[in-house]
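Observations on the model geometry
Here is how the chains run, residue by residue.
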2 protein chains.
Amino acid sequence: MSGSLPINQFDPTAPTPQNTPLTQAPIALGLSRPTVPDISEEHEEGMDDEAAVVADAMTSGVMQGALAGLVQNRLNDLIGKSSGYIESLPVEVKRSVAGLQGIQVKQTELQNQFKREVWELEKKYLGLTKPLYERRHAIISGSEKATAEEIAAGEEQAKKDDEEHQPLPTGTEVAPITDFWLTALQNHIGISELITDRDTAALKNLTDVRLEYLTSGDQPGFKLLFVFSPNEFFENEVLEKTYLYHAEIDYSGDFTYERAIGTDIKWKDDKDLTKEIEIKKQRNKNTNRTRLVKKATPTESFFNFFNPPQPPPEDMEDEDELADLEARLELDYQIGEDIKERIIPHAVDYFTGKALEYDAEDMDDDDEDDDEDDDDAFEDDDDVCTVSFLR
Amino acid sequence: MSGSLPINQFDPTAPTPQNTPLTQAPIALGLSRPTVPDISEEHEEGMDDEAAVVADAMTSGVMQGALAGLVQNRLNDLIGKSSGYIESLPVEVKRSVAGLQGIQVKQTELQNQFKREVWELEKKYLGLTKPLYERRHAIISGSEKATAEEIAAGEEQAKKDDEEHQPLPTGTEVAPITDFWLTALQNHIGISELITDRDTAALKNLTDVRLEYLTSGDQPGFKLLFVFSPNEFFENEVLEKTYLYHAEIDYSGDFTYERAIGTDIKWKDDKDLTKEIEIKKQRNKNTNRTRLVKKATPTESFFNFFNPPQPPPEDMEDEDELADLEARLELDYQIGEDIKERIIPHAVDYFTGKALEYDAEDMDDDDEDDDEDDDDAFEDDDDVCTVSFLR
């Protein structure tokens, strides 16, 4: 046990560009999968239940639900109290308070300036890092070879990280690293849960993952680019996911997400990984003859990441529906944030699994007394949808 | 419901200088109070139980406990898997991976440079904001008067925030704002829980709360200064709380806390708010005569903030003790973070309660179905210690 502690395991902070989680957010901890809108006529009861469980656990259930009541009461107390208190102040004091509020406007302006300067710094450092990312890509693909100096620097670091590290045999022959990005994504706990066996074949063609900041227009945001080699699944060479922040910085001085936009994937015939083809027998009541009907049903897939949920309309009133949607939005934003802040900057550590060891150390700090109960509390959802596949 | 969502209510990110929570961390949500080491011979069973509940809820219980088992299993799977995979790679590929690790070293250097530049920006903006903080202090104390321009700017903002805001009567008379900082602290949900009735009298003398960054020495950190007018409770004019970060930026590019140091409060006679005086009758077995014995027992008080828990020694093995200590450290770091990031920059909004409304909006988004159960699940701890006071 070192003196370094995870300072707050439950900080409900919105992910921001300066906010790199030490550990995965619980929503990315392998519990949940994004659910997909049901476009078939048939109502998929199982999936809605699952979505409800996820939504419940994330927005109101396990943690929040246990505290919300207490806190809401406390908030009501405090708000009621403070309003009355301010009302009761003599007008001379109220003028001083108004003066402070005038000064607060200037403080907020400075806070926004600070945020903009940090944002510019982020862009500057992405620019400085870009040549390193390009070099990384070249070595992975084999278009360039790692130099003796690079290998020596890596070996030195590996030795620092692990005293028992076995040095590589001398030699200069190098080879490309196959399945680099697939492996890196699979070593992120939350994302690995999104990747189905069928997705794996497509993700073997993922050759790079890149970050760009949005520079055109007033709206700040960033774009994740997934670069693919030609493959049997889709026509696109690059799949993009764009995250837009609100133009206005919020009360706390942070950007907040407005919405996300994904590339429309041009699937090749019968290769859409986000759909499952179900074959049903239909019997004609008059002739009593049967026929086979092919029905496409949305299914879990990493590639649903490119068809993100959209923020709820102002007039959405169904609380369950709203909670479900908010849970899916949270998950989508968190996955994007983790790819931007963790996987792209530390891809080799995700590939080797070193990044996981850091996560594991954080987890080891926690009690595990309740493991059995916890396992029982959540059902395996692999079998929620039982359909037959057309391959 | 707007399109702006709290992106992740449960992000387990360590608070960092760039990380301003949108809502309070659950540990600051009014559930917990810091417990104090028991220096009396008598074992205070009640307080230890309470500490255990807090620790459980925070580090392993409500949220973490529900997920830790699942995740730990998943981590073990992944780590085992990835290690074997890397071992099995041909040496030519391993050399390429080592090359990437060499490049990662350079990426990490850039990440650290970025962090240092942001840290310098923070200092710069604190410097730019300082004249505004000094002006605020002067208006609160009445040593300077709010100008007509400042009042007008504040009124304009109040009108923007609330369409029904009643404009102040015309006039230029202004008066100091009594109990400004006490009220601001009481309007922070977590901190209000730390302030006892006895503390209130002392905190009425709190005239300013200031932030300084540490500039001497290699170790980064910050200092909170609580400035008091002369009072009946203690001799100190300023109570300080210093938070030290680890000199090395962590894997994720964030500062992590190393430890906190507080001012040794010079209490006046019988005025120590962190102690309660218990009077016990003792009966002499031989003479059968009774006498009164005065015993000082540590008690809950906001002023325990200046006697923070210290990180566990390397060899601490008792898991419950460790979990309890970590919970208290987390709470201490979170309170410091909230004072630095929320209360000092938005003091007038805490005074008026506006800051609470933002918190309340976040809470309103959550389901409240389980309120009753939740209230039942936690016992009121006001009566855990029943002792008689010497005033």
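Residues numbered from 1 in each chain as written. Chains lettered and ligands numbered in written order. Predicted model: local features only at pLDDT ≥ 70, side-chain atom pairs only at ≥ 80, totals over all residues. Heavy atoms only, no water.

Things to note about a negative patch on the surface
Residues and elements named next belong to chain A. A contiguous patch of negative charge on the surface is contributed by Asp162, Glu163, Glu164 and Glu357. Its place among the elements puts Glu163 in the loop between helix H4 (148-161) and helix H5 (180-186). Judged by its relative accessible area of 70%, Glu163 is exposed. (Patch = residues over 30% accessible without salt bridge, like charges linked within 9 Å, V, L, I, M, F, W, Y side chains within 5 Å. Areas by Shrake-Rupley, 256 points an atom, 1.4 Å probe, with all protein chains shown as cover. Salt bridge = Lys/Arg side-chain N within 4 Å of Asp/Glu carboxyl O. Lys, Arg positive; Asp, Glu negative; His and termini not counted. Charge placed at Lys NZ, Arg CZ, Asp CG, Glu CD. Helix = DSSP H or I, 4+ residues; strand = E, 2+ residues; numbered from the N terminus. Buried < 20%, exposed > 50% of the residue type's maximum accessible area, 1.4 Å probe, protein only.)

Observations concerning unusual backbone geometry
Residue and element names in this part refer to chain A. Phi is positive for Asp179, close to 55°, though the residue is something other than glycine. Locating Asp179 in the fold gives a position in the loop between H4 and H5. Since its relative accessible area comes to 22%, Asp179 is described here as partly exposed. We note that Asn288 has phi near 65°; this positive angle belongs to a residue other than glycine. Mapped onto the secondary structure, Asn288 falls in the loop between strand E5 (275-283) and strand E6 (290-298).

Here we look at the packing of helix H3 (residues 91-141) of chain A against helix H4 (residues 148-161) of chain B
One can describe the packing of H3 of chain A onto H4 of chain B by two numbers: an axis separation of 6 Å at closest approach and a directional angle of 80°. For the element pair H3 of chain A / H4 of chain B, the angle class is roughly perpendicular. Where H3 of chain A approaches H4 of chain B, its residues Arg95, Ala98, Gly99, Gln101, Gly102, Ile103 and Val105 of chain A are matched on the opposing element by Glu150, Ile151, Ala153, Gly154, Glu155 and Gln157 of chain B. Of the residues assigned to the contact of H3 of chain A with H4 of chain B, the class counts are five nonpolar, five polar and three charged. (Axes fitted to C-alpha atoms, helices over the stretch in contact; angles between N-to-C directions. Parallel < 35°, antiparallel > 145°, perpendicular 65-115°, else oblique. Contact = heavy atoms within 4.5 Å. Nonpolar A, V, L, I, M, F, W, Y, C, P; charged D, E, K, R; others polar.)

So, the sheet that holds strand E4 (residues 257-262) of chain A
Residues and elements named next belong to chain A. Across the sheet, which stays open at both edges, the four strands sit in the order E1-E2-E3-E4 with antiparallel pairing between neighbours. The open sheet has two free edges, formed respectively by strand E1 (206-213) and E4, since each of these has just one partner strand. Taking each pair of neighbouring strands and ignoring which way they run, the sheet shows an average axis angle of 15°. Across the sheet, H3 touches E1, strand E2 (221-228) and strand E3 (238-245), and the angle it forms with E1 is around 160°. (Pairing = 2+ DSSP bridges.)

Things to note about the sheet that holds strand E2 (residues 221-228) of chain B
Residue and element names in this part refer to chain B. One open sheet accounts for four strands, arranged E1-E2-E3-E4; its pairing is antiparallel. Pairing within the sheet leaves two strands with one partner each, and these edge strands are strand E1 (206-213) and strand E4 (257-262). Across this sheet, the average inter-strand angle for adjacent strands is 15°, counted without regard to direction. Sheet contacts for helix H3 (residues 91-141): E1, E2 and strand E3 (238-245); angle to E1, the most-contacted strand, approximately 160°.

Focus on the packing of aromatic side chains
Residues and elements named next belong to chain A. In the structure shown here, the tally under the stated rule is 56 aromatic pairs over all chains. Seen from their ring centres, Phe222 and Tyr245 are 6.0 Å apart, and the 55° between their planes marks the pair as tilted. On the criterion of sequence distance, the pair formed by Phe222 in strand E2 and Tyr245 in strand E3 is long-range, its members being 23 residues apart. Comparing Phe222 with Tyr245, the two get one shared label, buried. With a centroid separation of 5.4 Å and an interplanar angle of 80°, the aromatic rings of Phe305 and Phe306 are classed as edge-to-face. Phe306 shares its class with Phe305; the two are buried. By way of ring pairs, the aromatic residues Trp119, Tyr213, Phe222, Tyr243, Tyr245, Phe255, Tyr257 and Tyr333 are connected into one cluster. (Phe/Tyr/Trp six-rings, centres within 6.5 Å; stacked < 30°, edge-to-face > 60°.)

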